[in-house]
Amino acid sequence: MGLNGRWRLALSLATGFVLAAGWGPGPLALASGTVYPACLSSPCPAGSLQLALPPAPLNAGVALEGQGGALLLSDDPEYITASDPLPGALYRDTVAGAFRVFYHHDNATGTGAPINVAVAVTNPGPQAVLLYERGHGQGLSPYPDVAGQSAVLGFLQTRQQVTFLAALAAGQSFYVSPQAVPPAQIGSGLEEFVALTPPAAAAAPGTLPPPLPAAAADALVAHPFSGRPRGTGTPTLPAGFTPAPVTVTTVAYTGTAPGAPAALPVLPLSPAGAKLMQNGLLSRGTFPHYDRFGNLALTVSQGVQSLAVDTSPPGYTYSNAMPGEYEVGVDAVDHGATGYDSGNYGVLYNFRAVLTNDTEPAKVPVGLLMRPTGGFGHYALQVGSQVAVSPFLSYRSYWLFDEVQLLGARTRTEIDATLPGGSYGPQALYFVPNFAPPSG
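Analysis parameters
- Residues numbered from 1 in each chain as written.
- Predicted model: local features only at pLDDT ≥ 70, side-chain atom pairs only at ≥ 80, totals over all residues.
- Heavy atoms only, no water.
- Core = buried A, V, L, I, M, F, W, Y, C linked by side-chain atoms within 4.5 Å.
- Buried < 20%, exposed > 50% of the residue type's maximum accessible area, 1.4 Å probe, protein only.
- Helix = DSSP H or I, 4+ residues; strand = E, 2+ residues; numbered from the N terminus.
- Pairing = 2+ DSSP bridges.
- Axes fitted to C-alpha atoms, helices over the stretch in contact; angles between N-to-C directions.
- Disulfide = S-S within 2.5 Å.
- Contact = heavy atoms within 4.5 Å.
- Salt bridge = Lys/Arg side-chain N within 4 Å of Asp/Glu carboxyl O.

Caption draft 1: Quick peek at the nonpolar core. Within the largest apolar cluster, 60 residues are counted, with the highest numbers of intra-cluster contacts made by Leu 307, Phe 401 and Phe 431. In terms of residues, this core owes the most to one element, strand 19 (residues 348–356), which gives five residues. Core analysis: the next-biggest nonpolar cluster, separate from the first, contains 26 residues, Val 101, Val 181, Val 246 and Leu 267 among them.

Here it is in C-alpha cells:
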C-alpha cells in the first residue's frame, strides 16, 4: 500500500463514524456486532475494554496446513498512472485446476476516464477447457479498505456456489466480470476458479459444455475440514475430468477488451514493489496454496486466549506467524523473484475451534472479538455460515463479532478470516469466556 493509500485510509479514519452509521457504500450498511474502545493505558476510561491475556498466546501451538490451489497476487502497480501504457498486463502466470486471484488496483491515471480491470483466462493447450467460478467478490471505492471489504464480503457469500463461465477452445480467452474503475477509485477483487479438461468424448464441436456429473459438481465445492486432501482443490473428480492448465492474466485497459490478453506486455514493477522485492516480499506473484487450515483447542478455565492472524512473515519485525502460515511464492513476470505475500492477502484462514467447558456452570457464553493491532481498516469474518462485516476499526478498538454459547462439555465452531485489501494486519482474535460489556 503506497503513500496515497495511507492518506486515503486517514480520510477513512476521519469519516469512520459516518460509514459505521450505515451511510457508506457497499456492505457497510450490514455492519454487525459491537465496537468497544480499547483500554491501552491505565487507568482505563469508563466504557473502555481491557482484556487480561495469558502470558503465552495461541500462535506457537497452532500449526496451519496449506491447502487448495494456487493464489495469484496482483497488487502492483497498485497505482495505475498515465505513464503506464494501456492495455497492459498487471500479472500473469499459468496454473492448473483450482486457483484464486486477489487484485487491488487504483485508477491514478488522472485522465478523468475509467479504466477496466479484469481477470482474463486463456486456454494455452490443444484440448477444450471448462472454466468454473466458485466465489466472486469485487469492491469499488475511493477508500482502499472499503473496496477490499466489499470484495471479501462478496467472496465469502458465494464461495460455496459453483457457476459455469465458459468452454474455451484452444487459444481462446474469457474475461471475467470486467470492473470499471473510475478516476481516483480502487478496484479490489477476490475470485476463485476451477479449470477442467472434460472427457475426450465431450471435446467434439457442438458438445460443450457437457452436463456436469453430480460427482464433478461435488468436487468443485470446497469442503472445509472434511478430511479429504485438497491439494488441487478438486480431489474427487470422476473419471475423464482432469485439472486443466490455463494462463491467467489480470488486465488493465480502456474501451474494448484486448483480444489476446496472454500476449499483452506486462506493466513495469513500481519502485515500491521493487523495494519490497529487495526485502524478500512480493507485491505480485504466485503462491502454492490459497487456504490455511488449523485447529484451536480452547478451555474455559484458561480465561482469555488470543490468536494473531496475518502478522509479518517469519524473520521480519513484529512477526508472530503460526507454523505453516506463510509460503514462499514466485513472481512469474519479474525474473522469477521469490518472497512472501506480507499479510497473506488473498489467503483464507479456516479455523476449527473446539471449546471445552472444564468449569462448573452448565452454560458459558464465549465472546469472539477482533482488534486490528497493526493499524486500521474495514474487516469481514465468517463464523459458521454467518458473515459479519465491521464498521471502521482501529487498533484502539475491539469488535465483538459473535458470541458462542457453550451449553455442554464441548462445542465446535468454525471461523474463517482473510485480510481485506487496503486494511492492515494483524487481526488479533480473542476468545473471552463469560464476556461482559464494559461498564460506564
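Anyway, onward from the coordinates.
Caption draft 2: Structural view of the sheet that holds strand 22 (residues 380–383). Spatial strand order, 2-15-19-26-22-23: six strands in an open sheet with mixed pairing. The open sheet has two edge strands, strand 2 (65–67) and strand 23 (386–389), and neither has a second partner. Neighbour-to-neighbour, the strand axes of this sheet turn through a mean angle of 25°, independent of strand direction. As defined by bridge partners, strand 22 adjoins strand 26 (residues 410–417) across three bridges and the pair is classed as antiparallel. When the bridges of strand 26 are listed, Leu 381 appears paired with Ala 417.

Caption draft 3: Region of interest: the state of the cysteines. On inspection of all chains with the given rule, the structure shows one disulfide. Covalently, Cys 39 is tied to Cys 44 through a disulfide, its sulfur atoms 2.0 Å apart. An S-S torsion of about -85° defines the bridge between Cys 39 and Cys 44 as left-handed. For Cys 39, a relative accessible area of 7% translates into the label buried. Judged by its relative accessible area of 32%, Cys 44 is partly exposed.

Caption draft 4: Inspection of unusual backbone geometry at higher detail. Put simply, Leu 86 and Pro 87 share a cis peptide bond, and its omega is 5°. Take Pro 87: it is sitting in the loop between strand 4 (79–81) and strand 5 (88–96). In this chain, Gly 425 is followed by Pro 426 through a cis amide linkage whose omega measures 0°. You can see Pro 426 is positioned in the loop between strand 26 and strand 27 (427–433). Within the chain, Asp 310 stands out as a residue other than glycine whose phi angle is a positive 55°. Locating Asp 310 in the fold gives a position in the loop between strand 16 (305–309) and strand 17 (329–330). Its identity as a non-glycine residue notwithstanding, Asn 434 has a phi of 55°, on the positive side. Relative to the assigned elements, Asn 434 resides in the segment after strand 27. By relative accessible area, which is 48% here, Asn 434 ends up partly exposed.

Caption draft 5: Quick look at the side chain of Thr 197. Take Thr 197: it is sitting in strand 11 (residues 186–197). Setting aside chain neighbours within four positions, we find Thr 197 in contact with Gln 127, Ala 128, Gly 240, Phe 241, Thr 242, Pro 243 and Ala 244.

Caption draft 6: Spatial organisation of the pattern of salt bridges. Under the counting rule described, the total for this entry stands at seven salt bridges. Note that Arg 100 is salt-bridged to Glu 192, the shortest N-O span being 2.7 Å. A residue pair is termed long-range when its members are at least 10 positions apart, and Arg 100 in strand 6 (residues 98–108) and Glu 192 in strand 11 qualify at 92 residues. The closest approach of N and O atoms between Arg 412 and Glu 414, which form a salt bridge, is 3.7 Å. Taking relative accessible area as the criterion, Arg 412 reaches 52% and is therefore assigned exposed. A single network of salt bridges, built from pairs that share partners, joins Arg 100, Arg 134, Glu 192 and Asp 291.

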